[in-house]
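This is what each chain is made of:
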Amino acid sequence: MITTNVQRHGTVLVSVNGALDDDAGAALQRALDDVTAGERDLMVDLHGAMSMDADGLLHLLTLHRRAESLGLRVLVVGWQPQPQQCMADVAGIRGRGSATGERYAVAGFRRLIEERVQRARDLSHFGAGWLSGL
């Protein structure tokens, strides 16, 4: 389940609970539907996101890109072990506890992730394991 909440002082808070997968896409897209000129920040809280797959990562990246196009500063917090490891695997950063969440904020790193997750997703649709082509 994904919830959105506009906080005082111009922050849009998106809280993710459960799986961040393809089913989360529509809710993430709606999160920014009512953004006004008064909002300055988007905070995505992943404390409740216990799992993420390639589709969920693509949706998260799309949300980030859309928020930036609206002029919002984006902060993603609360990376749980499996989603963080999923992104680290896609990015080619091995090992648990890497600083993947911090690196996510760098635009070049996001582009790398987008390219690799799209490739991994495409491979998974052809029957291969989604990480096998990385």
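Rules used throughout
- Residues numbered from 1 in each chain as written.
- Predicted model: local features only at pLDDT ≥ 70, side-chain atom pairs only at ≥ 80, totals over all residues.
- Heavy atoms only, no water.
- Core = buried A, V, L, I, M, F, W, Y, C linked by side-chain atoms within 4.5 Å.
- Buried < 20%, exposed > 50% of the residue type's maximum accessible area, 1.4 Å probe, protein only.
- Helix = DSSP H or I, 4+ residues; strand = E, 2+ residues; numbered from the N terminus.
- Contact = heavy atoms within 4.5 Å.
- Right-handed = clockwise from strand over helix to strand, strands pointing away.
- Salt bridge = Lys/Arg side-chain N within 4 Å of Asp/Glu carboxyl O.
- Expected span 1.5 Å × (residues − 1).
- Polar contact = N/O pair within 3.5 Å; in protein donor to acceptor, adjacent residues only side chain to side chain.

Our next topic: the nonpolar core. Generally speaking, a soluble globular protein has its nonpolar side chains buried in company with each other. Counting 32 residues, the largest nonpolar core has Leu-20, Leu-42, Val-44, Leu-46, Met-52 and Leu-57 as the members making the most contacts within it. For this core, the secondary-structure elements that each account for two or more residues are strand S2 (11-20), helix H1 (25-30), strand S3 (41-52), helix H2 (54-69), strand S4 (73-77), helix H3 (81-91) and helix H5 (107-125). Setting aside anything within four residues of it in sequence, one finds Met-52 in contact with Leu-20, Leu-57, Leu-60, Trp-79, Gln-82, Pro-83, Cys-86 and Met-87.

This brings us to the pairing of S4. Side chains of S4 alternate between two faces, with Val-74 and Val-76 buried and Arg-73, Leu-75 and Val-77 left unburied. Following the chain from S3 across H2 to the adjacent parallel S4, one finds a crossover that is right-handed.

This paragraph deals with the environment of Pro-83. Among the secondary structure elements, Pro-83 is positioned in helix H3. The exposure class assigned to Pro-83 is buried, which follows from its relative accessible area of 2%. Along the chain, Pro-83 and Leu-46 lie 37 residues apart, while their C-alpha atoms are 8.7 Å from each other. Discounting chain neighbours no more than four positions away, the residues touching Pro-83 are Ala-49, Met-50, Ser-51 and Met-52.

Inspection of the entire model under this criterion finds two salt bridges. A salt bridge links Asp-41 to Arg-73, with the shortest nitrogen-to-oxygen separation between them at 2.9 Å. Here Asp-41, found in strand S3, pairs with Arg-73, found in strand S4; they are 32 residues apart in sequence, far enough to count as distant. Given the relative accessible area of 59%, Arg-73 is considered exposed.

Turning our eyes to something else, we now look at the environment of Gly-92. In this structure, Gly-92 sits in the loop between H3 and helix H4 (100-103). As a C-alpha pair, Gly-92 and Arg-116 span 24 residues in sequence and 8.9 Å in three-dimensional space.

Note: α-helices contain 3.6 residues per turn, so residues at a spacing of three or four share the same orientation. In a regular helix each residue adds 1.5 Å, so 16 residues correspond to 22 Å; H2 covers 23 Å between its end C-alpha atoms and thus fits that length. Among the residues of H2, the N-terminal cap falls to Asp-53, whose side-chain oxygen and the backbone nitrogen of Asp-55 are separated by 3.1 Å.

Turning next to H3. Within H3, nine of the 11 residues are buried, which leaves the element mostly enclosed by the surrounding structure. Backbone geometry just after H3 places Gly-92 at a positive phi near 85 degrees.

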